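Single-letter residue listing:
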Amino acid sequence: MRKHRGLAPEDKTFFEPGRIEKLEEAVKDLSWMLRRGYSQKAAVELVGNRYQLSKRERHALIHAAWDGKRRNPPLPPEALRGKTLCIDGFNLLITLETALGGGILIRGADGCYRDIANVHGNYAFRAETEEAVAVAAEALKRLGVKEVLWYFDRPVSNSGRIAQLVDETAEKTGVPMRAETTDRVDAKLKACGDVVVTADAVILESGVTWFDLGGWIVENLLPPPTSLLDFSRECGGSGSC
């Protein structure tokens, strides 16, 4: 039986009295430091120690803070009709699995939705995987996109299987999407020339035209997430403060 992309045992820390408020202050402090040129590693250690954050809380902190670097504002959903999308495959997939499985979901200071699954090199199918791909396909159909290219990191385990699942879902649903594995996902996305779907700050800050499809799905197609930590108030959720 596959595991769920749900809460880790140590995630109960997030819901202890006062912890969310402490993490909110930590996100503000880290964002302030990053905007003034502090290295992320040193700043996270300093802020994490100040607020006595756990390892998981520090991981959430990294995903929630924002250095304020310039990026294009996200496209509105109605602007996607007739467009070609390039999707950061694992970035979107794991966020949707997390939302479906009830795991910790972050809405960062920049307004983007992210998970803290911390998958590096090893990806395993979860109980939510097929549903995550299916709900993404439903969203793409509703948004009226012209064509969709999913890119998955070839060195990551099971990347070929998940690409096959995307292709099979496209055939079943009639959604014009296909998937490929590549050693250069970031480069492919930066060179897309169309609309990029990702919440990866490095890619967003490269000047791409983008849309947070994971966030749109969470807000419009799924039940309200039970484990959402929302830090977007600092920037009004605009992604452009």
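Let me begin by describing the structure that accompanies this report. Being a predicted model, the structure only gives us computed values, none of them experimental.

### A few points about the packing of helix H1 (residues 19–34) against helix H2 (residues 40–50)
Between H1 and H2, the least distance of the axes is 10 Å, while the angle of their chain directions is 150 degrees. The angle between the axes of H1 and H2 places the two elements in the roughly antiparallel class. At the point where H1 passes H2, the crossing takes the right-handed sense. Contacts between H1 and H2 involve Ala26, Asp29, Leu30, Met33 and Leu34 from the former and Gln40, Ala43, Val44, Leu46, Val47 and Arg50 from the latter.

### Side note on the pairing of strand E4 (residues 147–153)
A regular strand carries its side chains on alternate faces of the sheet. Extensive coverage of E4 is indicated by the burial of 5 of its 7 residues. As paired elements, strand E1 (residues 84–88) and E4 share 5 bridges and run parallel to each other. Directly across from threonine 84, in E4, lies its bridge partner glutamate 147. Two elements, E4 and strand E5 (residues 177–182), share 6 bridges in a ladder whose sense is parallel.

### Re the side chain of aspartate 212
Mapping aspartate 212 onto the fold places it in the loop between strand E7 (209–211) and helix H9 (213–220). Of the polar contacts made by the side chain of aspartate 212, one reaches the backbone nitrogen of glycine 215; its length is 3.1 Å. Leave out the neighbours within four places in its chain, and aspartate 212 touches Gly111, Cys112 and Tyr113.

### Observations concerning the state of the cysteines
The final tally for this structure, using the stated rule, is 1 disulfide. The disulfide partner of cysteine 86 is cysteine 192, and the S-S distance across this bridge is 2.1 Å. A torsion of 75 degrees about the S-S bond marks the disulfide between cysteine 86 and cysteine 192 as right-handed. Of this pair, cysteine 86 sits in strand E1 while cysteine 192 sits in the loop between helix H7 (185–190) and strand E6 (195–197); the two residues are 106 residues apart in sequence, bridging distant segments of the chain. In terms of burial, cysteine 86 and cysteine 192 fall into one category: buried.

### Examining the packing of aromatic side chains
The final tally for this structure, using the stated rule, is 4 aromatic pairs. Here the aromatic rings of phenylalanine 90 and tyrosine 123 are separated by 5.1 Å at their centres, their planes lie at 45 degrees, and the arrangement is tilted. In this pair, phenylalanine 90 sits in helix H4 (residues 89–101) while tyrosine 123 sits in the loop between strand E3 (113–115) and helix H5 (129–143), placing the two residues 33 residues apart along the sequence. With a centroid separation of 5.0 Å and 75 degrees between ring planes, the pair formed by phenylalanine 90 and phenylalanine 152 is classed as edge-to-face. On the criterion of sequence distance, the pair formed by phenylalanine 90 in helix H4 and phenylalanine 152 in strand E4 is long-range, its members being 62 residues apart. Under the relative-accessibility criterion, phenylalanine 90 is labelled buried at 8%. For phenylalanine 152, a relative accessible area of 0% gives the class buried. Pairwise contacts between aromatic rings join Phe90, Tyr123, Phe125, Trp150 and Phe152 into one cluster.

### Thoughts on the sheet that holds E3
Across the sheet, which stays open at both edges, the 3 strands sit in the order E3-E2-E8 with mixed pairing between neighbours. Both outer strands of the open sheet, E3 and strand E8 (228–230), are each paired with one neighbouring strand and no more. Ignoring which end each strand starts from, the neighbouring axes of this sheet average 25 degrees apart. Pairing of strand E2 (residues 105–107) with E3 involves 3 bridges; the strand directions are antiparallel. Bridge pairing in E3 places isoleucine 106 opposite arginine 114. Together, E2 and E3 form the strand contacts of H4, whose direction differs from that of E3 by roughly 80 degrees.

### Things to note about the pairing of E1
Most of E1 is tucked away, with 5 of its 5 residues classed as buried. With burial as the criterion, each face of E1 is covered, one bearing Thr84, Cys86 and Asp88 and the other bearing Leu85 and Ile87. Sheet topology places E1 next to E6; 3 bridges connect them, and they run parallel. In the sheet register, isoleucine 87 faces E6, and the bridge partner there is valine 197.

Cut-offs and rules
Residues numbered from 1 in each chain as written. Predicted model: local features only at pLDDT ≥ 70, side-chain atom pairs only at ≥ 80, totals over all residues. Heavy atoms only, no water. Axes fitted to C-alpha atoms, helices over the stretch in contact; angles between N-to-C directions. Helix = DSSP H or I, 4+ residues; strand = E, 2+ residues; numbered from the N terminus. Parallel < 35°, antiparallel > 145°, perpendicular 65-115°, else oblique. Left-handed = near helix turned anticlockwise from the far one by under 90°. Contact = heavy atoms within 4.5 Å. Buried < 20%, exposed > 50% of the residue type's maximum accessible area, 1.4 Å probe, protein only. Pairing = 2+ DSSP bridges. Polar contact = N/O pair within 3.5 Å; in protein donor to acceptor, adjacent residues only side chain to side chain. Disulfide = S-S within 2.5 Å. Phe/Tyr/Trp six-rings, centres within 6.5 Å; stacked < 30°, edge-to-face > 60°.

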